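Each chain is listed here by its residues.
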Amino acid sequence: MVQRVDGASVVVAGETVGEIVGEGLCVLVGVTHDDTPQKAELLARKLWSVRILEAEKSCSDVDAPLLVISQFTLYGDARKGRRPTWNAAAPGPVAEPLVDEVVAQLRALGATVETGRFGADMRVSLTNNGPFTIVIDI
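The rules behind these values
- Each chain carries its own residue numbering, running from 1 in the written order of its sequence.
- Per-residue local features of the predicted model are confined to residues with pLDDT of at least 70, and side-chain atom pairs are confined, for both listing and counting, to 80 or more; whole-chain, interface and lining totals are unaffected and use all residues.
- Side-chain metrics rest on all non-hydrogen atoms present in the structure, leaving aside hydrogens and water.
- Counting from the N terminus, the helices are the DSSP runs of H or I reaching at least four residues and the strands are the DSSP runs of E reaching at least two.
- Note that the radius of gyration is over C-alpha atoms, with the globule rule given as 2.2 Å times the number of residues to the power 0.38.
- By this definition, two strands are paired if DSSP reports at least two bridges between them.
- Only the stretch in contact is used when fitting a helix axis, every axis being a line fitted to C-alpha atoms; angles between N-to-C directions are given from 0 to 180 degrees.
- Contacts are residue-level and defined by heavy atoms, with any inter-residue pair within 4.5 Å sufficient.
- The way it works is a 1 Å grid over only the protein atoms, where trapped points that fit a 1.4 Å probe form a cavity and open points with protein on both sides within 12 Å along at least five of seven lines form a pocket, and then any residue with an atom within 4 Å of a point lines it.
- Grid points are joined across faces, edges and corners, and a volume is the space filled by probe spheres set on the points.
- Side-chain classes follow a simple rule in which Ala, Val, Leu, Ile, Met, Phe, Trp, Tyr, Cys and Pro form the nonpolar group, Asp, Glu, Lys and Arg form the charged group, and the remainder, Gly included, forms the polar group.
- Relative orientations are named as follows: roughly parallel for angles under 35 degrees, roughly antiparallel for angles over 145 degrees, roughly perpendicular for angles from 65 to 115 degrees, and oblique for any other angle.
- Left-handed describes a crossing whose near helix is turned anticlockwise from the far helix by less than a right angle; the clockwise case is right-handed.
- Aromatic rings from Phe, Tyr and Trp, taking only the six-membered ring of Trp, are treated as a pair when their centres fall within 6.5 Å; an angle between ring planes under 30 degrees marks them as stacked, one over 60 as edge-to-face, and anything in between as tilted.
- Using a 1.4 Å probe on the protein chains alone, a residue whose accessible area is under 20% of its type maximum counts as buried, one over 50% counts as exposed, and one in between counts as partly exposed.

Visitor: Can you help me understand the overall build of the chain in this one?
Guide: For the chain, the helix and strand inventory stands at three helices and five strands. For the chain, the α and β elements follow one another from N to C terminus as β-β-α-α-β-α-β-β. In terms of C-alpha radius of gyration, the chain reaches 15 Å, essentially the compact-globule figure of 14 Å for 138 residues. For the chain, the C-alpha atoms occupy an extent of roughly 45 × 35 × 25 Å along the three principal directions.

Laid out in structure tokens, this is it:
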């Protein structure tokens, strides 16, 4: 899930571990069982080039920063019962390297990338500009 923001930050145990200032993207990355490093690369290229900032610009057009945060709950399923299941979410040992790969690929493209902390209890704050939120599924 991608949100166009005017600033965003993530705090873990009272410490700000990632922050972007001004126009950029806050990206919540969920990993499922059939995701691969190739899909991570495709996602990074899409995030860097998708034209969803002001005036239909992309992060690559205006050198806008991205805050990338792992989010296994994107694959939660609450269709049955009262408790969501997480069966579609990849386990940490599979998911963490793929989230890291998205970040590495973005940086290789020239992006300024801040991150959360994988598996941590994070507090995410942002100002959604629009509001503008889309799902990018690779």
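Back to the text.
Visitor: What's the story with the sheet that holds strand β3 (residues 66-70) in this structure? I'm lost.
Guide: Whenever strands of a sheet pair, they do so through backbone hydrogen bonds, lying parallel or antiparallel. Taken in spatial order, the five strands of this open sheet run β4-β3-β2-β1-β5, and their pairing is mixed. Two strands bound the open sheet, and with one partner strand each, they are β4 (113-115) and β5 (122-134). When strand polarity is set aside, the average angle formed by the axes of neighbouring strands in this sheet is 30°. Pairing between β3 and β4: three bridges, direction parallel. Across the sheet, residue valine 68 finds its bridge partner in β4, namely threonine 115. On the sheet, helix α1 (residues 37-49) packs against β1 (2-12), β2 (15-29) and β3 and is oriented at approximately 70° with respect to β2. Each of β2, β3 and β4 touches helix α3 (residues 92-108); the most contacted strand, β4, lies at about 160° to it.

Visitor: Mind showing me how you'd approach the layout of surface pockets here?
Guide: One water molecule sets the probe size; rolling that probe over the atoms shows where empty space is left. Taken as a whole, the largest pocket encloses approximately 390 Å³ of empty space. Lining of the largest pocket is provided by 23 residues; of these, Gly30, Leu43, Tyr75, Ile136 and Asp137 occupy positions nearest its centre. Among the secondary structure elements, those contributing two or more residues to the lining of the largest pocket are β2, α1 and α3. Per element, the largest residue contribution to the lining of the largest pocket is four residues, and it comes from α1. Partitioning the lining of the largest pocket into residue classes produces 16 nonpolar, three polar and four charged.

Visitor: I would appreciate a short explanation of the packing of α1 against α3 in the present structure.
Guide: When two helices pack together, their arrangement is given by the angle between the helix axes and by the axis-to-axis distance. Two numbers describe how α1 lies on α3: the axes approach to 8 Å, and their chain directions differ by 45°. Relative to α3, α1 is oriented oblique. When you trace α1 past α3, the crossing you get is right-handed. Between α1 and α3, the residues in contact are Pro37, Ala40, Glu41, Leu43, Ala44, Leu47 and Trp48 and Leu98, Glu101, Val102, Gln105 and Leu106, respectively.

Visitor: Honestly, the packing of aromatic side chains in this entry has me stumped. Any pointers?
Guide: Aromatic rings considered in pairs are described by the distance between their centres and by the relative angle of their planes. Under the definition given, this model contains one aromatic pair. Residues phenylalanine 72 and tryptophan 86 carry aromatic rings whose centres are separated by 5.3 Å and whose planes lie at 75° to one another, so their mutual orientation is edge-to-face. Note that phenylalanine 72 is positioned in the loop between β3 and α3 and tryptophan 86 in the loop between β3 and α3, a separation of 14 residues in sequence. You can call phenylalanine 72 partly exposed: its relative accessible area is 47%.

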